[in-house]
Amino acid sequence: ARAWRGLIEEYRDRLPVSDRTPVITLREGGTPLLPAPRISQLTGCEVHLKVEGANPTGSFKDRGMTVAISKAAEEGAKAVICASTGNTSASAAAYAVRAGMTCAVLVPQGKIAMGKLAQALVHGARLLQVDGNFDDCLELARKLAVDYPVALVNSVNPYRLQGQKTAAFEIVDALGDAPDVHCLPVGNAGNISAYWMGYKEYAADGVASRTPRMLGFQASGAAPFVRGEPVPKPSTIATAIRIGNPASWDLAIAARDESGGAIDAVTDRQILAAYRLLAREEGVFVEPASAASVAGVLQAAEQGVVPRGSRVVCTVTGNGLKDPDWAISGAPAPTTVKVDAHAAASALGLA
Ligand code: F0G
């Protein structure tokens, strides 16, 4: 087997790149599609996890960023800007380094996970904490990109979705066809739109025989699609998807309706239960927002929305190390022992 070359090289003929496009890559993509026996047992389905935390900066954002930054480089950009709940900024900061660009990021003050903040800082991004939520940050970033020489790399940049659609290609390539159902968390709604593009493209070209039903899940305190209108003050512990006014509104509605799917809500309690289930029973450590897809499939199976026997893929979007507070706060404090085998054995319940 040859080494994975990053998704632009792997899917070059399906992406908007040419010989003139400098390929800015960290060898993103090629992430595991992992069978999930415990979730399969609980739902009566064949459930697989698309583990996007295995990307270079620890989230699916790298798929969109390799294309967006490569195209920005082709167009001669010297600087990029984004609004972010943390993962987009971490990814933009890293890819900007590879491209020799400066990167500005706008994040909601106090509402991004520590690991993500660390990533933007270590890669040398210019970081502004905005006294507002993600929706305010995005509005500000869009204005700055109009008035100043900086390229916007949020998912309103169409190259982002082009890159992100490759996750659907990888799934079909691995399974031999599209699954029956695809579940994923929904925040700004770029990713559900991108997967739908990818699945449709493969079906149109006959690589897949069909497209899946797309099931999106929002946190119940930040669920504009479920309410049918923007939520002015979104609230959830899953800070990555704490978004009240999604930019890709129309695309996500189209993905939902064309696929015969749904966008539903799960509570923070369900999200945290799924987060712990993934860690303790599947061996997969994700960040809370990512667990919304798994909370969602558990709920949908129980409601009969996903019939038993279905083949399901849940995207788990980001690595658990980005937001470890939730792992630590739920766990008992570690026991301290002397350098003594007997004491260690008895503390471990072995003796
Ligand atoms: N999961 C994670 C871990 C995310 O970081 C995001 C979005 C989503 C799910 C939702 O994806 O926005 O395409 O519907 N994070 C963005 C950010 C908003 O700034 O990092 P979406």
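To start, this report covers the structure provided alongside it. Everything numeric in this text was worked out from a predicted model, so none of it was measured.

## Brief notes about the site of the ligand
Next, step 1: In the neighbourhood of the ligand, 18 residues make up the surrounding shell, with Ser84, Gly187, Asn188, Ala189 and Thr317 lying closest.
Next, step 2: Here Thr85 contributes a backbone N or O atom positioned 2.8 Å from an oxygen atom of the ligand.
Next, step 3: One of the backbone nitrogen or oxygen atoms of Ala189 is found 2.7 Å away from an oxygen atom of the ligand.
Next, step 4: In isolation the ligand has 480 Å² of accessible area, and contact with the protein removes 99% of it.
Next, step 5: Mapped onto the shell around the ligand, the elements with two or more residues apiece are helix 4 (87–99) and helix 9 (190–204).
Next, step 6: For the shell around the ligand, the residue count by class is six nonpolar, 10 polar and two charged.

## Focus: the pattern of salt bridges
Next, step 1: As enumerated under the stated definition, the model contains 19 salt bridges in all.
Next, step 2: Among the salt bridges present, the one from Arg311 reaches Glu46, with a minimum N-O distance of 2.8 Å. Taken as a pair, Arg311 in strand 10 (residues 311–316) and Glu46 in strand 2 (residues 46–51) lie far apart in primary sequence, 265 residues in all.
Next, step 3: Looking at Arg311, the relative accessible area reads 25%, which means it is partly exposed.
Next, step 4: Classification of Glu46 by relative accessible area gives partly exposed; the value is 34%.
Next, step 5: Each of Arg14, Lys165, Glu201 and Asp205 takes part in one network of salt bridges that share partners.

## Topic: helix 6 (residues 134–147)
Next, step 1: Look at helix 6: 20 Å from first C-alpha to last across 14 residues, which is about the 20 Å you get at 1.5 Å a residue.
Next, step 2: All of the buried residues in helix 6 are Phe134, Asp135, Cys137, Leu138 and Ala141. Down the axis, helix 6 shows its buried residues gathered within 155 degrees of arc, on one side only. Along helix 6, the residues that are exposed and aim more than 90 degrees away from the buried face are Val146 and Asp147.

Cut-offs used in this document
- Residues numbered from 1 in each chain as written.
- Predicted model: local features only at pLDDT ≥ 70, side-chain atom pairs only at ≥ 80, totals over all residues.
- Heavy atoms only, no water.
- Near = heavy atom within 4 Å.
- Polar contact = N/O pair within 3.5 Å; in protein donor to acceptor, adjacent residues only side chain to side chain.
- Areas by Shrake-Rupley, 256 points an atom, 1.4 Å probe, with all protein chains shown as cover.
- Helix = DSSP H or I, 4+ residues; strand = E, 2+ residues; numbered from the N terminus.
- Nonpolar A, V, L, I, M, F, W, Y, C, P; charged D, E, K, R; others polar.
- Salt bridge = Lys/Arg side-chain N within 4 Å of Asp/Glu carboxyl O.
- Buried < 20%, exposed > 50% of the residue type's maximum accessible area, 1.4 Å probe, protein only.
- Expected span 1.5 Å × (residues − 1).
- Arc of directions from axis to C-beta.

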